[in-house]
Amino acid sequence: MLDNNMPSLKASYQLERSSTQLQAYLNEIHTTRNIIRLNQLDASLDKTLDDIDRFTATLTKSSVINKLRGEYQLLGVDIDAFVPLLSRKIQIKQELDKISESVSWLHQDIVDEVNPLRQEIEWQITSERTRLSSETKSILYEDFTTLQMMTLKENELVSLVNEVIRQYKQRNLESAFHFISYKTDEIARLSEKLEHNAASITYRQLLLEFFDLVKPDGKLYNNLKALKLLNEHANQQRQNIQNRLEYQQQQIKHLVSTTSVDLSGIKLSTRNIIEAGNVFLLLVLTTSILLSALIYFYFVRKRIVQRLYHLSLNLNSVATGETNRLIPVTGNDEIGLLGKTLNDFCFQLQEVENTNALNLINNTQASLVTCSIEGVIESMNSSARHLFSLCGRSFENEYIWSLFDPRYHFQLRTLFASDSALLLNGAYTITLEIVSEEQQVNYFRLDLRVYYQNTIPKIIITLTDITEQANVARWLEQKVEEKTHSLTQANIELHSQIEDRKRAEATLVATQEELIQAAKMAVVGQAMTTLAHELNQPLSALSTYIYTVQMTYNANDYPDIYNTMAKMDEISDRMEQIITNLRGFSKKTSFMNPAVKVNLHQAVNSAIGIADSRAKQHNINLCNQLGDDCCCVGDLIQIEQVIVNLLINSCDALAPVGGDQGVVTLSKLECSEHSIVLACSDNGPGFDPAIINQIFTPFTTTKEVGLGLGLNICHSIMARLNGSIQLASTLDGGAMIVLEFPIQ
């Protein structure tokens, strides 16, 4: 019965699990919108069906399983027909999404195009500068009204199209697109009224593109119609697959029920066999227990176990030190011999302990005293007797504190109280003075310990002479006090020196700030010679444009006036930027300003604005290759001063060089988590080897006119910004200066 039913039962559970997995795959495959995921699910379905066919291939004797095999083969055919429908549906759905995006883009383009057109008409109507006839104004009013109406109709059309796309499954597409055609015709009639307006050409072309996209029998209509038809076929095929899965589930349940009934018969037969075996085992077990009890009580317990128990108690007493509480173990066998040997061992152990204890106490050089927990002296070695001058005198019933000076009696009596630290912790240490017979003061450390003698607590006191250590400690305390006084005086003098140094550093910082400001003003002074020419050209051009505007206004030729005014605005912004850069650079800054985030691209542009006039005199091109995302932490004005000094130095180095145009480039070398590295390079002759080692030293220069402070000031500023400045050269031999700025 097991051979016939277990394979079927196992196969039924495997079929049920595989059917559940098929159902999960089919649920996901119906909702997926990804072709790749659809192919993966199709492969998983094929694999699951192959697994079902494989583990049911050996159960051909069962008619139910043979029938299920045929059903699963038909299910595979249905799935093979269902997957291409879903694949085609996903493709059409993706095309529909693209059409929806096209509708949105066209609508946005139409809105972007109609707003300027409407604003232009509104400006022509409301502008006081234009003198329009009543007929022209009437046409403009009519155009404005037409635009408003077309905007409203176009918004309604877009909403209608989006609603049809969302609800294409429930709508009648022919009626919906017929209504859309009516709307497009209505907007087209309105757009014909704007044909006389040349500015509306683009607007009307966008409308035509939109109408072509949403017209009946157009791209959107065909896509929605095909998608709706595919949905119907896919839903019908899905229902067929679902019905087939439900039928297979019913067949699996029927197979499980049939197999369970057969297994119930096997279970009943097995239970009867087990019950008979349990009765037999119970009888055998009861007989064995009775025989074991008889043997235990009459042969083991009285002769062996009880004597071994007494022997174990004796061993525990010896282990805990209670050798006077041994229980006699009699007998002539091995157990009796062990008991007798143990008694002899305990007697010898007691004698050895007493002898060793006496020898240890009397021969040690330390002073040892034992007493009870009440403080009554019980024993004292010879060293202690000599210390307290008790040689040849009895100390029976005396207390331990009676051996010391009366001023220590209360302190010692407290140690033997029931709640004292000595009895609670088992140990205590105290230092006392003892005056010898020669009236010499000695210091002794008393180490009190609790020990047990035959389970009775006792106190042992060890007295250690620490006179020498105490005298040394007092001498060290005196020396420490003298050194402390000396260090206090030195600390006061050091604080005074620190205050003087702080004042000197403050003066040095102020001097450096004044020196940097002087260097900046020198740069500003050098730039002023070319700034007049730089501003004179825009002013001349601005004057010419003003005259042109006046002539244009007198001639009523308005279309060109806006272009001229825009150029005037650009020239004005250029002049304002030049003056702003120069004014910001000339401001006095302080090294104490807090560090902030600085955009290096903007800082380089400002520096180029200051040095650009100097560069143009010598036909030098200043190039900023930094991106907008290049940022660091520091002070904007100080960073600009460093870059301006480097640009001016490069311009001075390139000025005597003839031939090709000079180029100064600022670029980014690298950027890490903590810093950003920039390079300022030119195509000049490079650094002079004679002064390259002293180039950051003050008053070092190769110029005929110059103080030699520029690079020294740059070095000081970079050090205060927690950055660095290094010398290098380009591959062509030109000069390069590498700047490293912190990011955090």
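This write-up is about the structure you can find in this document. Note that this is a predicted model, so its numbers are computed, not measured. (Residues numbered from 1 in each chain as written. Predicted model: local features only at pLDDT ≥ 70, side-chain atom pairs only at ≥ 80, totals over all residues. Heavy atoms only, no water.)

## Quick word on the overall build of the chain
Within the chain, the secondary structure is distributed over 16 helices and twelve strands. When the 744 residues of the chain are sorted by exposure, 36% land in the buried category. Excluding contacts between residues fewer than 6 apart, the proportion of contacts in the chain whose partners are at least 24 apart in sequence is 64%. Carbon and sulfur atoms make up 54% of the accessible area of the chain, which amounts to about 45600 Å² in all. (Helix = DSSP H or I, 4+ residues; strand = E, 2+ residues; numbered from the N terminus. Buried < 20%, exposed > 50% of the residue type's maximum accessible area, 1.4 Å probe, protein only. Contact = heavy atoms within 4.5 Å. Areas by Shrake-Rupley, 256 points an atom, 1.4 Å probe, with all protein chains shown as cover.)

## Remarks on the sheet that holds strand β3 (residues 427–435)
One open sheet holds the five strands; their spatial order is β2-β1-β5-β4-β3, and the pairing between them is antiparallel. Each edge of the open sheet carries a strand with a single partner, namely β2 (377–380) and β3. For this sheet, the mean inter-axis angle between neighbouring strands, taken without regard to orientation, is 25 degrees. Where β3 lies against strand β4 (residues 441–453), nine bridges are found, and the strand directions are antiparallel. Opposite Ile434, over in β4, you have Asn442 as the bridge partner. (Pairing = 2+ DSSP bridges. Axes fitted to C-alpha atoms, helices over the stretch in contact; angles between N-to-C directions.)

## Some thoughts on the packing of aromatic side chains
In this description, an aromatic ring pair is defined by two values, namely the gap between the centres and the angle between the planes. By the definition in use, this model includes four aromatic pairs. Ring geometry for Tyr399 against Trp401: centres 4.8 Å apart, planes inclined by 10 degrees, an arrangement best described as stacked. Through successive ring pairs, a cluster of aromatic residues spans Tyr399, Trp401 and Phe416. (Phe/Tyr/Trp six-rings, centres within 6.5 Å; stacked < 30°, edge-to-face > 60°.)

## Side note on the pattern of salt bridges
Considering all chains together, one arrives at seven salt bridges under this definition. The partner of Lys183 in a salt bridge is Glu156, and the shortest N-O contact between them spans 3.3 Å. Taken together, the positions of Lys183 in helix α5 (residues 173–192) and Glu156 in helix α4 (residues 134–166) put the pair 27 residues apart, joining distant regions of the chain. Classification of Glu156 by relative accessible area gives partly exposed; the value is 34%. Measuring nitrogen to oxygen at the nearest pair gives 3.5 Å for the salt bridge that ties Arg445 to Asp447. When salt bridges that share partners are traced, they join Asp405, Arg407 and Glu433 into one network. (Salt bridge = Lys/Arg side-chain N within 4 Å of Asp/Glu carboxyl O.)

## Considerations on a nonpolar patch on the surface
A cluster of nonpolar side chains, Phe280, Leu281 and Val284, forms an exposed patch at the surface whose accessible area comes to about 310 Å². Summarising the element assignment, Phe280 is placed in helix α7 (residues 219–320). Judged by its relative accessible area of 55%, Phe280 falls in the exposed class. (Patch = residues over 30% accessible without salt bridge, like charges linked within 9 Å, V, L, I, M, F, W, Y side chains within 5 Å.)

## Section: the sheet that holds strand β11 (residues 724–729)
With mixed pairing, five strands are arranged side by side in an open sheet as β7-β9-β10-β12-β11. Strand pairing shows two members of the sheet lacking a second neighbour, β7 (620–624) and β11, which therefore form its edges. Ignoring strand direction, the axes of neighbouring strands in this sheet form an average angle of 20 degrees. In the packing of helix α14 (residues 600–617) onto the sheet, the strands contacted are β7, β9 (662–671), β10 (675–682) and β12 (735–742), and the crossing angle to β7 comes to about 175 degrees. Lying on the sheet, helix α15 (residues 636–654) is in contact with β7, β9, β10 and β12; it crosses β9 at an angle near 140 degrees.

## Some details on the pairing of β11
Inspection of the sheet shows β11 paired to β12 by six bridges, in the antiparallel sense. Each bridged residue has a counterpart across the sheet, and for Ser724 the counterpart in β12 is Glu740. Here β11 folds back onto β12, and the loop between the two strands holds five residues, one of which, Gly733, carries a positive phi near 95 degrees.

## Here we look at the pairing of strand β1 (residues 367–372)
Among the six residues in β1, six count as buried, and that is most of the element. A two-sided burial pattern is seen for β1, the buried positions comprising Ser367, Val369 and Cys371 on one face and Leu368, Thr370 and Ser372 on the other. Pairing of β1 with strand β5 (residues 456–465) involves six bridges; the strand directions are antiparallel. The residue of β5 that forms the bridge with Val369 is Ile461. Counted between consecutive antiparallel strands, the loop separating β1 from β2 contains four residues, among which Gly375 sits at a positive phi close to 100 degrees.

## Examining unusual backbone geometry
Trans peptide bonds make up most of the peptide bonds, and negative phi angles are found at most residues other than glycine. The phi torsion at Asn619 lies on the positive side, around 60 degrees, for a residue other than glycine. Within the fold, Asn619 resides in the loop between α14 and β7. Under the relative-accessibility criterion, Asn619 is labelled partly exposed at 46%.

## A closer look at the side chain of Asn624
By secondary structure assignment, the location of Asn624 is in strand β7. Residue classification places Asn624 among the buried positions, given a relative accessible area of 18%. A polar contact is formed between the side chain of Asn624 and the side chain of Asn605, at a distance of 2.9 Å. Within the local environment of Asn624, its side chain forms a polar contact with the backbone nitrogen of Leu626, the two atoms lying 3.1 Å apart. The residues contacting Asn624, other than those within four sequence positions of it, are His601, Val604, Asn605, Ile608 and Leu666. (Polar contact = N/O pair within 3.5 Å; in protein donor to acceptor, adjacent residues only side chain to side chain.)

## Some thoughts on the packing of α4 against helix α6 (residues 201–214)
Relative to each other, α4 and α6 sit at 25 degrees, their axes nearing to 13 Å. When the interaxial angle is binned, α4 and α6 end up roughly parallel. Crossing of α4 against α6: the hand is left-handed. Here α4 contributes Leu147, Met150, Thr151, Glu154, Leu157, Val158 and Val161 to the contact with α6, which in turn contributes Tyr203, Leu207, Phe210, Phe211 and Val214. Residues of the contact of α4 with α6, tallied by class, amount to ten nonpolar, one polar and one charged. (Parallel < 35°, antiparallel > 145°, perpendicular 65-115°, else oblique. Left-handed = near helix turned anticlockwise from the far one by under 90°. Nonpolar A, V, L, I, M, F, W, Y, C, P; charged D, E, K, R; others polar.)

## Overview of the side chain of Thr184
Position of Thr184 relative to the elements: it lies in helix α5. Exposure remark for Thr184: the relative accessible area of 8% places this residue in the buried category. Look past the residues within four positions of Thr184 in its chain and what remains in contact with it is Leu157, Phe211 and Val214.

## Side note on the packing of α15 against helix α16 (residues 710–720)
Running from N to C, α15 and α16 cross one another at 150 degrees; their axes reach a closest spacing of 10 Å. As summarised for this structure, α15 and α16 are arranged roughly antiparallel, according to the angle between their axes. In this structure, α15 meets α16 at a crossing whose hand is left-handed. In contact with Gln638, Gln641, Val642, Asn645, Leu646 and Asn649 of α15, α16 contributes Gly710, Leu711, Ile713, Cys714, Ile717 and Met718. Here the contact of α15 with α16 is composed, by residue class, of seven nonpolar, five polar and no charged.

Interpretation note: all reported values are geometric properties and have no functional meaning in isolation.
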